[in-house]
Amino acid sequence: MESKKIVVGNMKMNLLAGDISEYLRKINSSNLGEQVVICPSNIYVPYFLKQSYKVGVQNLFFRDSGAYTGEISAAQVASLGVKYAIVGHSERRGYFRESDQDINKKVVVTLKYGLEVILCIGETAEEKNLLKTARVLKRQILNALRNLEETDFDHIVIAYEPVWAIGTNVTPTNKDIMDTISYIKGIVSEYFHYEDIPVIYGGSVSEKNIKELNSIPNVSGFLVGGASTDAKKFLKIVEVAVKK
Ligand code: 13P
């Protein structure tokens, strides 16, 4: 049976308070449905929850609590009613120097508090040019998913986001995405004996290319950056990907 696709909007560090009010006016959460998750900046999370959106955070810290100024914990996130956390986004790996080990700790704590993990992996342009994509993805997967219980895998979605496709209006071909998704599923199956882990695609997904990307047979959904901050564009993407 084909499982339903999900669309995750990663708003990153965008939009001011007034923009959020307008966005909420434009998109009633009932127009989105169960398979859509919005990940706004943390300060806006309660606004989306109040309007019955399914909400995720873009990042969290791996400690349970304590003196970590500026950070938020998985326990806090869960206590608010948030259901998802993005872990290992390439912007966290790059700008904030998150290591595979940090990301593994974040995956573990996210699952510990009953949240669903959206684990981001992806190669840089340089790694792609050096033909290292397979090796990089394998390393990211094996390190991120250490020390998990078998049942934890039911709560993980992998987001394949080639770094060179983020914010560039360039995407891999459908065939390349399809092959990479098969490869990712194969790694998880071979090393963790978990079959058919859902893999979503992210990187320059837009209202213009969603129809084509949505025809990739093994894609379980999309992680949308820039276009998720525009209500009209995001609605169009949702319409194509999850509403048939
Ligand atoms: P864009 O959709 O803006 O390329 O961003 C993708 C992304 O990084 C989502 O997490």
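None of the values given here were measured: they were computed from a predicted structure.

Novice: Please clarify how the packing of helix H7 (residues 133-144) against helix H8 (residues 174-192) should be interpreted in this entry.
Specialist: When two helices pack together, their arrangement is given by the angle between the helix axes and the distance between those axes. For the pair H7 and H8, the least separation of the axes is 10 Å and the interaxial angle reads 45°. Relative to H8, the element H7 lies oblique. For H7 against H8, the interelement crossing comes out right-handed. The residues of H8 that touch H7, namely those facing Ala134, Arg135, Leu137, Lys138, Ile141 and Leu142, are Thr180, Tyr183, Ile184, Ile187, Val188, Tyr191 and Phe192.

Novice: Hey, could you run me through unusual backbone geometry in this one?
Specialist: Positive phi, normally seen in glycine, also occurs at Leu15, with a value near 75°. Assignment of secondary structure puts Leu15 in the loop between strand E1 (6-10) and helix H1 (17-26). We classify Leu15 as partly exposed; its relative accessible area is 23%. One non-glycine residue, Asn169, lies in positive phi territory at about 65°. Structurally, Asn169 is set in the loop between strand E6 (156-160) and H8.

Novice: Hey, could you run me through the packing of helix H5 (residues 100-112) against H7 in this one?
Specialist: As a packed pair, H5 and H7 sit with axes 8 Å apart at the nearest point and diverge in direction by 45°. Between H5 and H7, the angle falls in the class oblique. Like other packed secondary-structure pairs, H5 and H7 cross with a definite hand, here right-handed. Mapping the contact onto sequence places Asp100, Ile103, Asn104 and Val107 in H5 and Arg139, Gln140, Asn143 and Ala144 in H7. The class makeup of the residues in the contact of H5 with H7 is three nonpolar, three polar and two charged.

Novice: Can you help me understand the packing of aromatic side chains in this one?
Specialist: We describe a pair of aromatic rings using the distance from one ring centre to the other and the angle between the two ring planes. Taken as a whole, this structure holds eight aromatic pairs when the rule is applied. The aromatic ring of Trp164 is capped on one face by Lys128, whose charged end is 4.8 Å from the ring centroid.

Novice: Could you clarify how one ought to interpret the pattern of salt bridges in this entry?
Specialist: Between side chains of opposite charge, pairing is possible as soon as their charged atoms come close. Scanning all chains against the criterion turns up eleven salt bridges. Measuring nitrogen to oxygen at the nearest pair gives 2.9 Å for the salt bridge that ties Arg92 to Glu98. Glu98 matches Arg92 in its accessibility class, with the two residues each being buried. By sharing partners, the salt bridges in this structure join Arg92, Glu98 and Lys106 into a single network.

Novice: Would you explain H8 in this entry?
Specialist: An α-helical turn contains 3.6 residues, so any two residues separated by three or four positions project in the same direction. Across its 19 residues, H8 extends 27 Å between first and last C-alpha, which sits within 8% of the 27 Å expected from 1.5 Å per residue. For H8, every residue scored as buried is listed here: Asn174, Ile177, Thr180, Ile181, Ile184, Lys185, Ile187, Val188 and Ser189. Buried positions along H8 lie against strand E5 (116-121), H7, E6, strand E7 (199-202) and helix H9 (210-213). Phi for His193, located one or two positions after H8, is positive at around 55°.

Novice: In this structure, what is going on with the environment of Met13? I would like to understand it.
Specialist: Its location among the elements puts Met13 in the loop between E1 and H1. With a relative accessible area of 79%, Met13 lands in the exposed category. Taking the C-alpha atoms as reference points, Met13 and Gly203, 190 residues apart in sequence, are found 16 Å from one another.

Novice: For this particular structure, what's the right way to read the site of the ligand?
Specialist: Taken together, Asn10, Lys12, His89, Glu161, Ala165, Ile166, Gly167, Gly203, Ser204, Leu223, Gly225 and Gly226 make up the full set of residues near the ligand. Here Lys12 contributes a side-chain N or O atom positioned 2.8 Å from an oxygen atom of the ligand. Contact between the ligand and Gly167: an oxygen atom at 2.6 Å from a main-chain N or O atom of the residue. In the complex, 94% of the free accessible area of the ligand, which totals 310 Å², lies under the protein chains. Of the residues in the shell around the ligand, the class split is three nonpolar, seven polar and two charged.

Novice: Help me understand the sheet that holds strand E3 (residues 54-57), please; the structure alone is not making it clear to me.
Specialist: The pairing of strands in a sheet happens through backbone hydrogen bonds and is either parallel or antiparallel. If you trace the eight strands once around the closed barrel, you get E1-E2-E3-E4-E5-E6-E7-E8, paired in parallel fashion. Sheet twist, expressed as the mean angle between neighbouring strand axes with direction ignored, is 25°. Bridge count for E7 against strand E8 (residues 221-224) is two bridges, and the pairing is parallel. Note on E8: the bridge partner recorded for Tyr201 is Phe222. Its contacts with the sheet put H5 on strand E4 (84-87), E5 and E6, and the angle it makes with E5 is roughly 160°. In this fold helix H10 (residues 231-242) packs onto E1, strand E2 (36-39) and E8, with an angle of close to 160° to the strand it touches most, E1.

Criteria and thresholds
Residues numbered from 1 in each chain as written. Predicted model: local features only at pLDDT ≥ 70, side-chain atom pairs only at ≥ 80, totals over all residues. Heavy atoms only, no water. Axes fitted to C-alpha atoms, helices over the stretch in contact; angles between N-to-C directions. Helix = DSSP H or I, 4+ residues; strand = E, 2+ residues; numbered from the N terminus. Parallel < 35°, antiparallel > 145°, perpendicular 65-115°, else oblique. Left-handed = near helix turned anticlockwise from the far one by under 90°. Contact = heavy atoms within 4.5 Å. Buried < 20%, exposed > 50% of the residue type's maximum accessible area, 1.4 Å probe, protein only. Nonpolar A, V, L, I, M, F, W, Y, C, P; charged D, E, K, R; others polar. Phe/Tyr/Trp six-rings, centres within 6.5 Å; stacked < 30°, edge-to-face > 60°. Lys NZ or Arg CZ within 6 Å of the ring centre and 35° of its normal. Salt bridge = Lys/Arg side-chain N within 4 Å of Asp/Glu carboxyl O. Expected span 1.5 Å × (residues − 1). Near = heavy atom within 4 Å. Polar contact = N/O pair within 3.5 Å; in protein donor to acceptor, adjacent residues only side chain to side chain. Areas by Shrake-Rupley, 256 points an atom, 1.4 Å probe, with all protein chains shown as cover. Pairing = 2+ DSSP bridges.

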